[in-house]
Every structure is written in C-alpha cells, then in structure tokens.
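The chain contents come next:
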Amino acid sequence: MKAGFHYPNSEKPEPERNIRRLERDVLRMGALVEQSFRLSHQALFARDLTAAEELPRLDKKIDRFYRQIESECTSIMTLQAPTAQELRCLSSFMQLVRDLERIGDYAKDLAEIAIKIFPYPPHASLPEIALMSHHAQAMLATSLVALADLDEVSGRRMKFLDDTVDNAYDTLYQILAYQRDVPGIIEPILLLTLAIRCLERMADHATNIGQRVAYIVTGQR
C-alpha cells in the first residue's frame, strides 16, 4: 500500500507484496461493479434489455473476485505475520469487497426491475430517478478513486455526497407512495419504489467504502 510502507522493491516482505496485489484485485473488482451499475442504469432508463441480460454474467465475475479476495486476506492474516498496519488494510479490504459485492447485487436487482417494468409506459418520475442513479454512480467512482489514491479526505467526503441521494430518495418515495388516481395496476409504481431503494442502498455502500479508505490511512473509524 502507499501509506506508510517504505520498503525498497527488492526488500518488500511477503505480506506487503501480497497486499499490493490484493489492492489491484479490489480495484479490478470495483471496475466490474462500476460496469454493472452502468448497465443497470442503461437497462432501466434507456429500456435496453440487452444491457439487462449482461448483468448475471458480470455478477458471477464479481462474486468470484469477492470469494478470492476474502480467502486471500484470511490466508495472509493467519499465515504471514502481517504488521498492525497491514492487518488494518486486510480487515478493511474484507469489509470493502463485501460492500462492492452488495452494490453488484443491487445492480442485478435493478436489471430485473428493468425487465419487469419494460411493458409499461415510462413513468413521469423516471428523469428524477435517473439523476439519483447518476449521483450514486458518481459516489461509487469517487470511492474507488479514493481507494486507488489512499485519499482520506475524499473517503470521508462520501458521507456528504450521500446526503444528496438520501434527499432524492425521500422526495421520490413521497411522490411514488402517495400517488393518487393511478390508472390500471400499480406494479410499475411498486417496481420504481424498489428501484429507488436499491439506489439508496448502493450509495450507502459507496459511503462505507470511502470510510474504510479513511480507516486504512488513519486507523480511526
């Protein structure tokens, strides 16, 4: 890792080399999660069912990364005598990849919602929901840049970015839940209510990633 490790390349101990490799794998996993989020957005707001069909394949890749990274973190912690700082990185990685895996799951859920809602006319709230999705995607991107740079300030800033998504959720929930004189069946409204809940949770997990980055750097929660 970049913060606090100063071994010459030829003298890096095994845990430190492995942690650097793990960090690269976490970022690769993060790139897949970003891709899945973009595809779910495309499926839901551009009514692109081809994008929706890509999600299960991507989700399997994300799950494989999750299991591999968690297993390797456990192995290093138990077999390679890492330092206290290295242990902090490893424990944070284990939590962080769980956040990424959950965002991937929610992206798959959004794709399933897109397929179910496809037969219905677009709802009037879709542009506002799409904006909420853009904000949540930007949060994920920011959290991954914070991880790549070990940027504590950006990591902690995620909490403030999350307020925008929370406010959008509250506003949209009020619109959807209390809509009157709904013609026909209410399935599209229920599906969009589920969609904004998925987006709100994705933003929460992006916030968690930022906070875990800050913990890696400072040791303070």
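Below is a short write-up of the structure. (Residues numbered from 1 in each chain as written. Predicted model: local features only at pLDDT ≥ 70, side-chain atom pairs only at ≥ 80, totals over all residues. Heavy atoms only, no water.)

## Overview of a positive patch on the surface
Together, K60, K61, R64 and R67 line one region of the surface with positive charge. Tracing the backbone shows K61 in helix α2 (residues 49-79). (Patch = residues over 30% accessible without salt bridge, like charges linked within 9 Å, V, L, I, M, F, W, Y side chains within 5 Å. Areas by Shrake-Rupley, 256 points an atom, 1.4 Å probe, with all protein chains shown as cover. Salt bridge = Lys/Arg side-chain N within 4 Å of Asp/Glu carboxyl O. Lys, Arg positive; Asp, Glu negative; His and termini not counted. Charge placed at Lys NZ, Arg CZ, Asp CG, Glu CD. Helix = DSSP H or I, 4+ residues; strand = E, 2+ residues; numbered from the N terminus.)

## Quick notes on the packing of helix α3 (residues 84-117) against helix α6 (residues 187-218)
Where α3 contacts α6, the two axes come as close as 9 Å, and the packing angle between them is 165°. Here α6 runs roughly antiparallel to α3, going by the angle between their axes. Between α3 and α6 lies a crossing whose hand is left-handed. (Axes fitted to C-alpha atoms, helices over the stretch in contact; angles between N-to-C directions. Parallel < 35°, antiparallel > 145°, perpendicular 65-115°, else oblique. Left-handed = near helix turned anticlockwise from the far one by under 90°.)

## Comments concerning the state of the cysteines
Scanning the model with the defined rule gives zero disulfides in all. In this structure C73 is not part of a disulfide, and its nearest cysteine sulfur, from C89, lies 9.7 Å away. Taking the relative accessible area as the measure of exposure, C73 reaches 0% and is therefore buried. The class of C89 is buried, set by a relative accessible area of 1%. (Disulfide = S-S within 2.5 Å. Buried < 20%, exposed > 50% of the residue type's maximum accessible area, 1.4 Å probe, protein only.)

## Examining the pattern of salt bridges
Under the counting rule described, the total for this entry stands at 11 salt bridges. Close ionic contact of E200 with R197 constitutes a salt bridge, the shortest N to O distance being 2.5 Å. On the criterion of helical spacing, the pair formed by E200 and R197 is a turn pair, its members being three residues apart in helix α6. Look at R197 and you get partly exposed, because its relative accessible area is 40%. Of the charged contacts in the structure, one is a salt bridge between R201 and D204, with a shortest N-O distance of 2.7 Å. Of this pair, R201 and D204 both sit in helix α6, three residues apart, roughly one helical turn. In this structure D204 comes out as buried when scored by relative accessible area, which is 16%.

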